[in-house]
Amino acid sequence: MTIKIYIDADACPVKEETYKVALRYGLQTFVVSNSFMQIPKSPLIARIVVNAGSDVADDWIAEHVVPGDVAVTNDIPLAARVLARKAHAIAPYGRAFTEDSIGMALAQRDLMEHIRSTGETTGGPPPFTPANRSRFLQVLDQTIARERRKRLLSAPR
């Protein structure tokens, strides 16, 4: 079974980088969004347009991801769902979510959501930088390489 990549694409700033890595490794990639999105012409890259609505794209990804696949998402609840399916979740700024880190990420997200609901201005996320892009590429490449090694070692001989 080959590794597949799922991109939570509506607000993803690293789609082009993901395409390059996926094509280099020959991995099927699904670009999941609520609206039409231009993608490279490749039999390895598929556009999935889901109905508009809260979490519809997330639901599609969570239903299709299998152990060892990779999801690129900034959505922490989706990352938790992906990890629960024994797949990998990577944020566009280069953070690999793990079983050890997801609980704290969810708690921090809930806290910030509560603070915003009280009317407090939180300032939003910092600007996306070239260093974020570079860190993302490094983490994505390492994750795929590690998963490929794991599959090779567990393959029947």
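Residues numbered from 1 in each chain as written. Predicted model: local features only at pLDDT ≥ 70, side-chain atom pairs only at ≥ 80, totals over all residues. Heavy atoms only, no water.

A. Expanded view of the overall build of the chain. The helix and strand tally for the chain stands at five helices and six strands. Scanning the chain from its N terminus toward the C terminus, one meets helices and strands in the order β-α-β-β-α-β-α-β-β-α-α. The globule rule puts the C-alpha radius of gyration for 157 residues at 15 Å, and the 16 Å found for the chain is close to it. C-alpha atoms of the chain, sized along the principal axes, occupy 60 × 35 × 30 Å. Expressed as a percentage of the 157 residues in the chain, the buried residues total 39%. Pairs at least 24 apart in sequence give 47% of the contacts found in the chain among residues at least 6 apart. Accessible surface, the chain: about 9000 Å² in total, of which carbon and sulfur atoms supply 56%. (Helix = DSSP H or I, 4+ residues; strand = E, 2+ residues; numbered from the N terminus. Rg over C-alpha atoms; globule rule 2.2 N^0.38 Å. Buried < 20%, exposed > 50% of the residue type's maximum accessible area, 1.4 Å probe, protein only. Contact = heavy atoms within 4.5 Å. Areas by Shrake-Rupley, 256 points an atom, 1.4 Å probe, with all protein chains shown as cover.)

B. Up close: the side chain of T73. Along the polypeptide, T73 turns up in the loop between β4 (70-72) and α3 (76-84). In terms of polar contacts, T73 uses its side chain to reach the side chain of D8, at 2.9 Å. Only 2.9 Å separates the side chain of T73 from the backbone nitrogen of D75, close enough to count as a polar contact. Residues contacting T73, with those up to four places away along its chain left out, are D8, L78, A79, I90, A91, P92 and F97. (Polar contact = N/O pair within 3.5 Å; in protein donor to acceptor, adjacent residues only side chain to side chain.)

C. Representation of the packing of helix α1 (residues 15-25) against helix α5 (residues 130-154). At their nearest, the axes of α1 and α5 sit 10 Å apart, and the two run at 25 degrees to each other. The orientation of α1 relative to α5 falls into the category roughly parallel. Crossing geometry of α1 relative to α5 is assigned as right-handed. For the pair α1 and α5, contact is made by E17, T18, V21, R24 and Y25 and by R133, F136, L137, L140, D141, I144, A145 and R148, respectively. Split into classes, the residues belonging to the contact of α1 with α5 amount to seven nonpolar, one polar and five charged. (Axes fitted to C-alpha atoms, helices over the stretch in contact; angles between N-to-C directions. Parallel < 35°, antiparallel > 145°, perpendicular 65-115°, else oblique. Left-handed = near helix turned anticlockwise from the far one by under 90°. Nonpolar A, V, L, I, M, F, W, Y, C, P; charged D, E, K, R; others polar.)

By themselves, these are just geometric observations and shouldn't be taken as functional.
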